[in-house]
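Coordinates in review
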Amino acid sequence: KVTPESFASTNFDIIIVGGGTAGLTLANRLSATSAKVGVIDAGHYNTSGDPLLDVPFNPGAFIGDPTQTFIGNPAYDWGFASVPQSNLDGRVIPYPRGKVLGGSSAINNLAWQRGAEKEYDNWGTLINSDEWNFNTLLPYFKKAENWTAPTNMLIDNLQPSPELVAAQGTSGHVQTRYNTFRADVDVAFAEAFENLGFPLTPDPDSGNPMFIPQAGIADSVDIQTGKRSYAAPAYYGPDVRARDNLVVLEGAVVSRILWDPTTLNSDAVKANAVEYIVDGTTFSANVTGEVLVSAGTLKSPQVLELSGVGNPDILKAAGIDVTLNHTGVGENMMDHLLLVTDFVVKDGVLTLDWLTTNETFLAEQQALFANEGQGAFTYASRVTGSLTMQGFANSTAEDLGPLLDGLQNDLDSRNLTALHSAQYDLLKNMLDSGNIGFATPIALPRGGATGVVEPNTNYVTLALFYMHEFSRGNIHINSSDPNAAPLIDPNFGDFKWDLQAARVGTQWLRKWAQTEPISDMISELHVPPANVTSDEDWDAFVKSAVGTISHPIGTVIMATRELGGVVDDRLKVYGTDNVRVIDASVFPLTVGAPIQQSVYAVAEKASDMIIADLNLS
Ligand SMILES: Cc1cc2nc3c(=O)[nH]c(=O)nc-3n(C[C@H](O)[C@H](O)[C@H](O)COP(=O)(O)OP(=O)(O)OC[C@H]3O[C@@H](n4cnc5c(N)ncnc54)[C@H](O)[C@@H]3O)c2cc1C
């Protein structure tokens, strides 16, 4: 058994801070060499096979208590929240984050997607390197996944295209598949998409930016067992746990990186140990090779700041000595915005709400999951797409012109940093091109995501992910206490355009619900109610309802030094000899898809870089 003491007395070649999505990917690949690898995570391994993590859909219903969830559950979730948002009437936005081996992949919504080719090519522009673009990432997207082709198409006569098949990996660790359970509304939603003029495509994942996938989207579910496939079972299975050269310490909070004092005033400061706290006692473990920080977008900046790497003003205010002046640490936070609307469906229409409103259906589905790993409890993929702002606007007869002028005026009136200027050029280019999706509508055959749910009523939820915000937030410490939560300020709505674009997309959701054949199944507008009609009403709704879909990125940004980047194109912190950051915090710009597949791919790619740079074998 690994104890804080035994970990502290081990000499490591590599220590990984955080055994989450990226951290366990690195641990697996690097410990396949002879390097001695240590991992420290604040959470624990879910050895009990808790259905709360393993059951893909509404695990609370599966265990007979629909109120039970991992969100806000201290066994699995850090339970963060934003600071009050000044552009949203002071609302506080919850920020769930995995605190368990496997990190946020253990508590996410399982969507398994890639962004558009152009979105990853933008990363290469911001870091000015051929290392990062869609083509260099594609082998790693594939390396991460073991993809099973869809068998149950939304529209029966369409088959997986050769392009879709060629873009997938079939020998990776994360099990991915397509949903096999269909609610009554799924096909009707797909047909309504088509009736609104958006053709179904067979090819969502090979860099094609526009898609309404014929099969739904893939999800990280094991087709054999029906269970969630996440970083812990995928990358830290029994064979990996048995490796002598991999040591994982659970339940320990990393407080800081310690530096070799002889290197402090050099061009490349060198980490020589990692400090961590268990039950109030502080320990440290020595490292001779590298420290890899994979604590995630919300926590990696905190670990750096506590280690003296960051903006000197912020560090001094918290009483921390400055080791490296890096004003970019904790800045440039970007996220995907979430808007949720609900509709009541007519009696008799099968939705997943039946799991909580129909006892016979519940018992049937519990048995199906337990015996065959099939049925409603494996539901994870959805009818969804990726639409341009022009696509939304054409559909709802909105004139985007004045909104786009407003965005340009806003950009012109600001004193932009070099980084933001470069990012906004790329975003504007994608926006104006009209061929990159800016928002993702998604249909979920269940309700109650917002508003008060009436008993014995079944709903469908239509949600909008707004993917390319212009607003930039930040995450910083305001205390030297490693157990204190960082201050999280996504700064939502700092650019009016973001909320206006979300409003245009959200209005489109109602249009979608009112299009045949899905309109025949819906009996009532629930949230927002039918009296929300004017643009002003919708603006007010958006302000009151916008939240996060939990895809924050960018707080330890990979960009050129001139642009104010924190890590270089090999993910090493500028000014250090041996510290890299490898997780979602390094993403230089938003991608128009949920981000877990990109996190795995970045960690897979980083593993190869480290093996090459350290000459590991
Ligand atoms: C509720 C939710 C739903 C989501 N839905 C989807 C989805 O459907 N599809 C999708 O693609 N993406 C989704 N995401 C996003 C995706 O899961 C994350 O972006 C991704 O898992 C982040 O990986 P990471 O390695 O950057 O961080 P994480 O996986 O969060 O790993 C960070 C790890 O570091 C540990 N840690 C942090 N600080 C310390 C410290 N000081 N000491 C010790 N350990 C520490 C944490 O405990 C954690 O295990 C969702 C995320 C959430 C939270």
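Scroll up to find the structure this text is about.
A quick note: this is a predicted structure, and the numbers were derived from the prediction, not measured.

Calculation notes
- Residues numbered from 1 in each chain as written.
- Predicted model: local features only at pLDDT ≥ 70, side-chain atom pairs only at ≥ 80, totals over all residues.
- Heavy atoms only, no water.
- Helix = DSSP H or I, 4+ residues; strand = E, 2+ residues; numbered from the N terminus.
- Expected span 1.5 Å × (residues − 1).
- Buried < 20%, exposed > 50% of the residue type's maximum accessible area, 1.4 Å probe, protein only.
- Arc of directions from axis to C-beta.
- Contact = heavy atoms within 4.5 Å.
- Near = heavy atom within 4 Å.
- Polar contact = N/O pair within 3.5 Å; in protein donor to acceptor, adjacent residues only side chain to side chain.
- Areas by Shrake-Rupley, 256 points an atom, 1.4 Å probe, with all protein chains shown as cover.
- Nonpolar A, V, L, I, M, F, W, Y, C, P; charged D, E, K, R; others polar.
- Salt bridge = Lys/Arg side-chain N within 4 Å of Asp/Glu carboxyl O.

**Describing helix α16 (residues 401-413)**
With 13 residues, α16 extends 18 Å between its outermost C-alpha atoms, agreeing within 8% with the 18 Å of an ideal straight helix rising 1.5 Å per residue. What α16 keeps buried is the set Leu403, Leu404, Leu407, Asp410 and Leu411. Mapping the buried residues of α16 onto a view down its axis gives an arc of 115°, with all of them on the same face. Pointing more than 90 degrees away from the buried face of α16 are the exposed residues Asn409, Asp412 and Ser413. As for α16, its buried residues are in contact with α17 (418-433) and α18 (496-513).

**Let's talk about the site of the ligand**
In the vicinity of the ligand there are 39 residues, among which Thr21, Asp41, Ser104, Val254 and Gln596 approach most closely. In this structure, a nitrogen atom belonging to the ligand sits 3.0 Å away from a main-chain N or O atom of asparagine 109. Interatomic distance of 2.9 Å between a backbone N/O atom of alanine 111 and a nitrogen atom of the ligand. The fraction of the free accessible surface of the ligand (1,000 Å²) that becomes covered by protein chains is 98%. Counting only elements with at least two residues in the shell around the ligand, the list comes to α2 (21-30), β10 (253-259) and α20 (596-613). Class assignment of the residues belonging to the shell around the ligand gives a composition of 18 nonpolar, 16 polar and 5 charged.

**Some details on the environment of leucine 306**
With respect to the element layout, leucine 306 can be found in helix α11 (residues 300-306). Beyond its immediate sequence surroundings of up to four residues, leucine 306 is in contact with Ser255, Arg256, Ile320, Ile477, Ser479, Ser480 and Pro482.

**Some details on the pattern of salt bridges**
Taken as a whole and assessed by the stated rule, the structure comprises 17 salt bridges. A salt bridge links aspartate 89 to lysine 543; the shortest N-O distance between them is 3.6 Å. Linking aspartate 89 in the loop between β3 (80-81) and β4 (94-95) with lysine 543 in helix α19 (residues 535-545), this pair joins segments that are 454 residues apart in sequence. The exposure class assigned to aspartate 89 is exposed, which follows from its relative accessible area of 61%. A salt bridge links arginine 414 to aspartate 494; its shortest N-O distance comes to 2.8 Å. Here the residue arginine 414 occupies a position in the loop between α16 and α17, and aspartate 494 occupies one in the loop between β20 (487-489) and α18, the gap between them amounting to 80 residues. Each of the salt bridges in this network shares a partner with another, and the network as a whole consists of Glu131, Glu290, Arg570, Arg580, Lys605 and Asp613.

**Some words on unusual backbone geometry**
Cis peptide bonds are those with omega within 30 degrees of zero, and the linkage from glutamate 516 to proline 517 qualifies with 5°. Inspection of the secondary structure puts proline 517 in the loop between α18 and β21 (522-527). Although it is not a glycine, asparagine 332 adopts a positive phi angle of roughly 65°. The phi angle at alanine 397 is positive, at roughly 60°, despite the residue not being glycine. Among the structural elements, alanine 397 can be located in the loop between α15 (389-396) and α16. Assessed through its relative accessible area of 70%, alanine 397 is described here as exposed.

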